[in-house]
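# Summary of structural features
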Amino acid sequence: MQHRLHISGVVQGVGFRPCVWHLAQDLGLTGWVRNTAGGVECLLQGEAGALAQFEPRLRAEAPPLADIHHIDRQHEAATETLADFNILESGTGKPTTIIGADSATCPDCLAELFNPQDRRYRYPFINCTHCGPRYTITRRLPYDRAQTSMAHFPLCPDCAREYHAPADRRFHAEPTACAVCGPRLWLESSDGDPIDGDPIAATLHRLQAGEIVAIKGLGGFHLVCDARNGAAVARLRQRKGRDAKPFALMAANLVSVAQWVKANSAEQSQLDARERPIVLLQKQPGADTTFPNIAPGLAWLGLMRPYTPIHWLLWHEAAARPQGTDWIDKPQDLVLVMTSANPGGEPLVIDNAEARSRLSGLADAWLMHDRDIVVRCDDSLLRLENNQAQFIRRARGYTPTSIRLAHSGPSVLALGGYFKNTVCVTRGHEAFLSQHIGGLDNPATCAMLREVAQHLLDILQVKPERIAHDRHPDFYSTRLAQELAAQWGVMAVPVQHHHAHIAAVMAEHHLSGPVLGLALDGIGLGTDGQAWGGELLRVEGARFDRLSHLAARRLPGGDRAAREPWRMAASVLFDLADSDSIVQRFADQANASGVAQLLQKGVNCPPTTSLGRHFDAAAGLLGLCPVVSFEGQAAMQLEGLAETASDAKPWPDSYRIGADGVLDLKPLFARLLDHAHEPALAAARFHASLAVALADWTQTLAKSHNLQRVALGGGCFLNRILTHRLRQSLHERGLTVYEARQAPPNDGGLSLGQAWIAQQEF
Ligand code: ZN
Ligand code: ZN
Ligand code: FE
C-alpha cells in the first residue's frame, strides 16, 4: 500500500519539499516529493500508522510561509518498493501555483545576522526559505532564481551547497546570497559620489545628525530621518511639499515606544507579524512632544517594526553592535520616520538612477544596493477594529496572497477607480488584489497601473476573459479597460462604484445575496449621472437596486468642494437658511462671497448624496480644516477632535427619514452649530448622532425590504468612532453585519468588488 498526495496552495518557493523530506525521515517513510503544475505531489510508503500521521503533521508543521489550500490523498497498490525518500526535480507542465509575498527577516536569519562567527554576520541581504523578498523581485513564473532580480548573482560554492541540500534552511531559497556572491550595499552623497566607510555606520551617523537619507527597501525607497528631531522632520515635510499627511514611524519593538502609544495584544501581534504592516495605534499624552509633527491633529500614530536586514542593522549599530538577539526585544532609543519616497504623490521610486534624479533635493544621501526591485510595493497600513485587522492600504507583505471566493468563474481583470487605486485579477475561485497603486491624477501613476496589471497577469499566467471598470467615463482606469478589452477582444464590464464597494465585502464573506448594502463613501458616479456616496442598495450578485440615499447636499464649485471643506460648510449654512453668515464666517477665504452667490443662484452646485461631504461640512463648520491637502483629511481631523471629548451622547431629533425613505441630516447640522462653541464635544456628539441616524435608517429599509444581512462598504468606514457605534447599533437592532477585512473598505477594495461582479455577469 502507498499514499499519493496532491497538495495545492502556496506550497512552492516556501521550503515545502524540505519540510516533507524531514517529516518523511522522521516517520520512517520512503518515497519522493516534487513540484508539479498544480502544487506539490508526494508518494509515501511505510507502516500504516506512520502513513496516517503524515497528513495531520504536515498541516501542523508546514513551513511559516506556506498556505495549504487542499490535500488530495489516494491509496494505491505499490508497484515497486522504494528504499529511501528523495526530492525529485520538478515535473513538467505549466505552473499554476503562485509566488509568495515579501516577508520580514525570520528569527533564524536574525540569529545569524548578529553572530560574529556566522559567515553572514552583518550581511544586509541575508534571507532563507522562511523569509525575505519574493513578490518584489519576481518577474514571472516559474518561481526560480533565473526569473528574479537575483539572476545576476551566481551562487558561490558555499551558497550553492546550502541551496542543493534538502536538510538546509536555504534548500531552493531562490533569493539566497552572501557577502561573497550576493548584492552589496553602499552609501552615496547627493552628488552621486560614494561615501567611504561602513555604509550602515555612516547612514546611522547622518540620521543622528539630523540628515534625511533615502534608503532602498523591499518595494521602493524610503525617506528616513530621526523621528525625535523636530528640525529634521520639519525639513522632510518642507522638502516633500509641506504635506500635512501623517508619517509612519519605525521602532525596534513596541516596548521602545510603549510610553507614547497604546497597544493591546491584538495590535502587538500585528506589529510582530511577518507581513510587518504599519499599525495605527492610539496616541498617548506626550506623543506629539516626543515625536513632533509626525501626525499633526490626529489621534493615531502609525508604527512598524524593522523588516529587512538593512533596517535591523541600523538598530544593531545604534545599540553598539551587540552579539546575539537578546537586545531586539529590549527598549531601543532609535526611532525613525520611514516615509515612502514618492515625490508629489507619484509612485514610489524603485530604481537607483530614478532615485538619484527624482529624489534630488529631497535626500542628503542615498543608501543604495544593486538588487533590483521588479515591482513597486508600498508599506501596508492597517488598524485593529474589534481586534480584527482592517486595511487602510494593502500592499507589501500581503500582495499577492489571494482572497478565496465562494465560486469559480471566468478570469477577470478589474482596474478599479481613481483614488487609492488597486487592480484585481481572478483565477478560478481566487481573487488576487494588487498592491496599492495610488491616485490616477498623474501620468506616472497611470503608467504604474499598466505595469502592475501586466506584472500580476504575468506572475499568475492569466489571460483575462472580462475586464471590469468603474462607470465613470473619464477615469484613466476606465479608458485603459476599454482599450485592453478592444485589444484582447474581450468584454468590458462597467460597474457602479458603490455596488462594487458592497460587492467587495460580499466577495470575501462568500455572500451571494440578497444583502442590504450600506455604502458610506466619498464620491462615486451613480447610474443617474449624479455623485453618490450615502446609499442603501439591495445587492444580489451582479444586480443591484438603489433603495434609498441621503438627502442631497450641494457642491458649490463642483469638484473644488471636495478639496475645500469650507465650501461644504457654506452649502449647509445655505440649506439652514443662514446664507448671510457665509461671508462673515469664511472671511479668510478669498471666494466666500462668490460661493454664497453660486448657492443663491444655484449655479455650478451639483447635488451629492456623499456622506464624506457631510463630514467635510461638519469639519468646516467647526473651523477645523477649511482646505484639505489629502483626501479624507477633514474627516480624520474631526474624528481626532471627537476622540478628545469625554461625553458623546447623541442629540435628539437630529435627522428625518422621509416617506420616500430618504435620510435627511440637515437637522444634525443645526445641532452642531448650536454647540460649535465646544468643538470637541460637538464633534463627538456629531459622530454619535450620525451613528443613530444611520442605524435607524438602515433598520427601516431592512424591515420594508425584508432583509436581515447588512454589508458595510466605502471609505467612511475607516472612521473608527462611526464604525464602532454603527456596528453596535445595527447588532442591537437584530441585523447581521459584514465588514471589509481582507481588503480595505475604501477605494483600495473597489477592484475586488468589480471583479466579483464581472465574474458573474454575462
Ligand atoms: Zn530567514
Ligand atoms: Zn554566497
Ligand atoms: Fe469609494
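A short tour of the structure in this document, coming up. (Residues numbered from 1 in each chain as written. Chains lettered and ligands numbered in written order. Predicted model: local features only at pLDDT ≥ 70, side-chain atom pairs only at ≥ 80, totals over all residues. Heavy atoms only, no water.)

As a further point, take the packing of aromatic side chains. The tally for this structure, following the rule as stated, stands at eleven aromatic pairs. Relative to Trp327, the ring of Trp312 has its centre 6.2 Å away and its plane inclined at 85°; by these criteria the two rings are edge-to-face. Of this pair, Trp312 sits in helix H9 (residues 309-318) while Trp327 sits in the loop between H9 and strand E13 (335-340), and the two are 15 residues apart along the sequence. Accessibility assignment for this pair places Trp312 and Trp327 in one class, buried. By the ring-pair criterion, three or more aromatic residues cluster together here, those being Phe114, Trp312 and Trp327. The aromatic ring of Tyr307 is capped on one face by Arg396, whose charged end is 3.5 Å from the ring centroid. A cation over an aromatic ring shows up here: Arg546 above the ring of Trp532, its NZ or CZ 3.9 Å from the ring centre. (Phe/Tyr/Trp six-rings, centres within 6.5 Å; stacked < 30°, edge-to-face > 60°. Helix = DSSP H or I, 4+ residues; strand = E, 2+ residues; numbered from the N terminus. Buried < 20%, exposed > 50% of the residue type's maximum accessible area, 1.4 Å probe, protein only. Lys NZ or Arg CZ within 6 Å of the ring centre and 35° of its normal.)

The topology assignment puts Thr148 in the loop between helix H3 (107-113) and helix H4 (157-164). Residue classification places Thr148 among the buried residues on the basis of a relative accessible area of 0%. Of note is the side chain of Thr148, whose polar atom sits 3.0 Å from the backbone nitrogen of Met150. Setting aside residues up to four positions removed in sequence, Thr148 forms contacts with Ile137, Thr138, Arg139 and Tyr143. (Polar contact = N/O pair within 3.5 Å; in protein donor to acceptor, adjacent residues only side chain to side chain. Contact = heavy atoms within 4.5 Å.)

Around the zinc ion (ligand 2), the protein contributes the donor atoms Cys156 (SG), Cys159 (SG), Cys178 (SG) and Cys181 (SG), at 2.2 to 2.3 Å from the metal centre. Of note is the zinc ion (ligand 2), whose four donor atoms meet at the metal with angles of 102 to 117° in an arrangement that counts as tetrahedral. Mapped onto the sequence, the residues coordinating the zinc ion (ligand 2) show the spacing C-x2-C-x18-C-x2-C. On the criterion of sequence distance, the pair formed by Cys159 in helix H4 and Cys178 in the loop between H4 and strand E6 (185-189) is long-range, its members being 19 residues apart. Each member of the pair Cys159 and Cys178 is classed as buried. (Donors = N, O, S within 2.8 Å, 3.2 Å for Na, K, Ca; no water. Tetrahedral: all angles 85-135°; square planar, octahedral: opposite > 155°, others 65-115°.)

Here we come to empty space enclosed by the protein. In this approach the atoms are scanned with a rolling probe the size of a water molecule, which exposes any empty space left behind. One pass over the structure, following the stated rule, counts six cavities of 30 Å³ or more. Here the largest cavity defines a volume of roughly 120 Å³. In terms of lining, the largest cavity is formed by 18 residues, of which the most central are Pro133, Leu218, Thr308, Pro309 and Arg371. Of the voids in this model, the second largest cavity is the one considered here, and its volume is about 60 Å³. Forming the walls of the second largest cavity are 13 residues, and the residues nearest its centre are Gly220, His222, Tyr307, Cys377 and Asp379. Of the residues in the lining of the second largest cavity, the class split is five nonpolar, five polar and three charged. (1 Å grid on protein atoms, 1.4 Å probe; cavity = no way out; pocket = protein on both sides within 12 Å on 5 of 7 lines; lining within 4 Å. Points joined across faces, edges and corners; volume = space filled by probe spheres on them. Nonpolar A, V, L, I, M, F, W, Y, C, P; charged D, E, K, R; others polar.)

Moving on: the environment of Asn264. By the element assignment, Asn264 lies in the loop between strand E10 (261-262) and helix H7 (265-272). Accessibility expressed as a relative area gives 35% for Asn264, which makes it partly exposed.

Now for the sheet that holds strand E22 (residues 491-495). Reading across from one edge, E17-E20-E19-E18-E21-E22 is the order of the six strands in this open sheet, with mixed pairing throughout. Of all strands in the sheet, those bounded by a partner on one side alone are strand E17 (403-404) and E22. Note that strand E21 (residues 466-470) and E22 share five bridges and pair parallel. Paired with Arg466 across the two strands is Met491, which belongs to E22. Helix H12 (residues 476-488) rests against strand E18 (412-414), E21 and E22 of the sheet, and its axis sits at about 165° to E21. Contacting E17, E18, strand E19 (424-427), strand E20 (430-433), E21 and E22, helix H23 (residues 750-760) crosses the sheet at an angle of about 135° to E21. (Pairing = 2+ DSSP bridges. Axes fitted to C-alpha atoms, helices over the stretch in contact; angles between N-to-C directions.)

These figures come from the coordinates and say nothing about function on their own.
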